[in-house]
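Take a look at the letters that make up each chain.
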Amino acid sequence: MSHNTSSHAPSLADEQRRRIVAGLVDDTVSTIADLRPRGRADEIEAALRETHLPALAEAGYIEWDPETGEIAPGPNFDEAAAHVEDLPSPDADAGSADD
């Protein structure tokens, strides 16, 4: 798989994408199920599968297997992780109004 190295910053512009990378940094995410979509679960999971995970994979920040749902750090992960290490993990706002 080739990775577009010139467009990494736009890939992390979205909060949901930064949360995915933060979850990998904290070892709290290894599959799409670990992201525990809340609220409009079907809509959120569709956005993850159709938009956010493919964008992070294309940038090389993650390796994602759409068949199994497994998510792992990609070849450019350290670059992304350096920008999101201080963000909360996907579970940190479990008590938010989105529940």
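Chemist: Sorry, what's going on with helix α4 (residues 77-84) here?
Modeler: Along an α-helix, a turn takes 3.6 residues, which lines up residues three or four apart on a common side. The complete set of buried residues in α4 reads Phe77, Ala80, Ala81 and Val84. Looking straight down α4, one finds its buried side chains confined to an arc of 100 degrees; they lie on one side. For α4, the exposed residues set more than 90 degrees away from the buried face come down to Asp78, Ala82 and His83. Where the residues of α4 are buried, they touch α2 (15-25) and β2 (71-73).

Chemist: Before we go on, may I ask you to explain helix α3 (residues 41-58) in this structure?
Modeler: Relative to the 26 Å expected for 18 residues at 1.5 Å per residue, α3 spans 24 Å between its end C-alpha atoms, a close match to the ideal helical length. At Leu48, α3 shows its strongest bend, of approximately 45 degrees. Every buried residue of α3 is accounted for by Leu48, His52, Leu53, Ala55, Leu56 and Ala57.

Reading the values: rules and limits
- Residues numbered from 1 in each chain as written.
- Predicted model: local features only at pLDDT ≥ 70, side-chain atom pairs only at ≥ 80, totals over all residues.
- Heavy atoms only, no water.
- Buried < 20%, exposed > 50% of the residue type's maximum accessible area, 1.4 Å probe, protein only.
- Helix = DSSP H or I, 4+ residues; strand = E, 2+ residues; numbered from the N terminus.
- Arc of directions from axis to C-beta.
- Contact = heavy atoms within 4.5 Å.
- Expected span 1.5 Å × (residues − 1).
- Bend = angle between axes of the 7 residues up to and from the residue.

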